[in-house]
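# Chain and residue survey
Spelled out from the first residue to the last, the chains are:
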Amino acid sequence: MGTQKKQSLKAGRPPTAKKTTPNLSSKATQKTIVTFHNLSKALAKAQAENDQTTISAIETEFAKLGGLKAYQAASILGQSSTRGGDSSLQLLQWIPKDLPKMRMLEVGALSTANACSKSGLFDPIVRIDLHSQEPGILQQDFMERPLPRHEDEKFDIISLSLVLNFVPSATQRGDMLRRTTWFLRHHDPLGGHSALLFLVLPAPCVANSRYFNDERLTLIMASLGYVCLQRKQTSKLVYYLWRWRDEPVKGEGLGKVKVRDRGGMNNFCVVLEPET
Ligand SMILES: C[S@@+](CC[C@H](N)C(=O)[O-])C[C@H]1O[C@@H](n2cnc3c(N)ncnc32)[C@H](O)[C@@H]1O
């Protein structure tokens, strides 16, 4: 009892098939990702407190690190097969191959050549990112993306892989999850449309947080109208496939609740504010 090594938020990639000794550059890659996340959290706090001195100091640190570009470069390295691979491979294992082609929105897209892009199961794939790395990726903040005017502009599936943990505050994470429902088509069993959300998080977000676990996530998702179809956890990542079935419950919020507390835990949290 209690002998298991605690997971930290540093863990962020699925294990490779063959265990390899981490080399210096994979450590450096992970350090960039962790530093970026820590700076983002500190910046959100300083901004909330309107602490200009701290904001300037953090911005200097971001610049020294190389900003979002350096973070994305580190994340792309993490997607390479030698570093743990492409999370969209898991989605392909869960999607039936005989469905009509699905309209996909990939939020936080780093490449146009991941497994989903090559599968032929999705058409079109609209890829967006805060900082586009390729012509096939639209530079756009999902939180600012114009809302669809017609059902035809909505999607059958949204991919949110390692994006929610990138969002600096708990309420913004809740807002992001709620926003996914505004972009999904209503499920039409006869027309074959499935409104799906593929969500990937670093495992410690649910497995080792004082304020978040699978139960809290399920409550939030249920309040938004989602049911869990699939879940898989590795030592580093947790993957989910959710079906959006019902309209979100109006006026319902889910705040910050301590679900457990042990030394070495993190404070990752998602808060769902009541929709106004
Ligand atoms: C760790 S990378 C994950 C990339 C890839 N989806 C994966 O699974 O490896 C997170 C990406 O999410 C993007 N991102 C974060 N918030 C976003 C937002 N609000 N809108 C669009 N992209 C966002 C970041 O710019 C970053 O490139």
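Residues numbered from 1 in each chain as written. Predicted model: local features only at pLDDT ≥ 70, side-chain atom pairs only at ≥ 80, totals over all residues. Heavy atoms only, no water.

What follows deals with the packing of aromatic side chains. Within this structure, the stated rule accounts for seven aromatic pairs. With 6.4 Å between their ring centres and 75° between their planes, W94 and F198 make a pair best called edge-to-face. Of the two residues, W94 sits in helix 4 (residues 88-94) while F198 sits in strand 5 (residues 196-202), which places them 104 residues apart along the sequence. For the residue pair W94 and F198, the accessibility class agrees, reading buried in each case. With 5.2 Å between their ring centres and 50° between their planes, F142 and F183 make a pair best called tilted. On the criterion of sequence distance, the pair formed by F142 in the loop between strand 3 (137-139) and strand 4 (157-161) and F183 in the loop between helix 6 (170-182) and strand 5 is long-range, its members being 41 residues apart. Of the aromatic side chains, those joined through ring pairs into one cluster are F36, F62 and F166. Across the ring face of F155, the terminal group of R103 is positioned such that the distance to the ring centre comes to 4.8 Å. Directly above the aromatic system of Y211 lies the positively charged group of K256, at a separation of 4.3 Å from the ring centroid. (Phe/Tyr/Trp six-rings, centres within 6.5 Å; stacked < 30°, edge-to-face > 60°. Helix = DSSP H or I, 4+ residues; strand = E, 2+ residues; numbered from the N terminus. Buried < 20%, exposed > 50% of the residue type's maximum accessible area, 1.4 Å probe, protein only. Lys NZ or Arg CZ within 6 Å of the ring centre and 35° of its normal.)

This brings us to the UniProt feature "binding site: S-adenosyl-L-methionine" (unreviewed entry) in the protein. Under the UniProt annotation, "binding site: S-adenosyl-L-methionine" (unreviewed entry) lies at G108 and D129. Spanning 22 residues, the named residues form one tight spatial group whose C-alpha atoms are at most 4.6 Å apart. Of note, G108 is situated in the loop between strand 1 (102-107) and helix 5 (115-119). In contact with G108, other than residues within four places in its own chain, are I128, D129 and V163. Relative to the helices and strands, D129 is located in strand 2 (residues 122-129). When near neighbours in sequence (up to four residues on either side) are disregarded, D129 contacts Q72, G108, A109, L110, I137, L138, Q139 and Q140. (UniProt positions renumbered as here; feature names shortened; annotations may be inferred. Contact = heavy atoms within 4.5 Å.)

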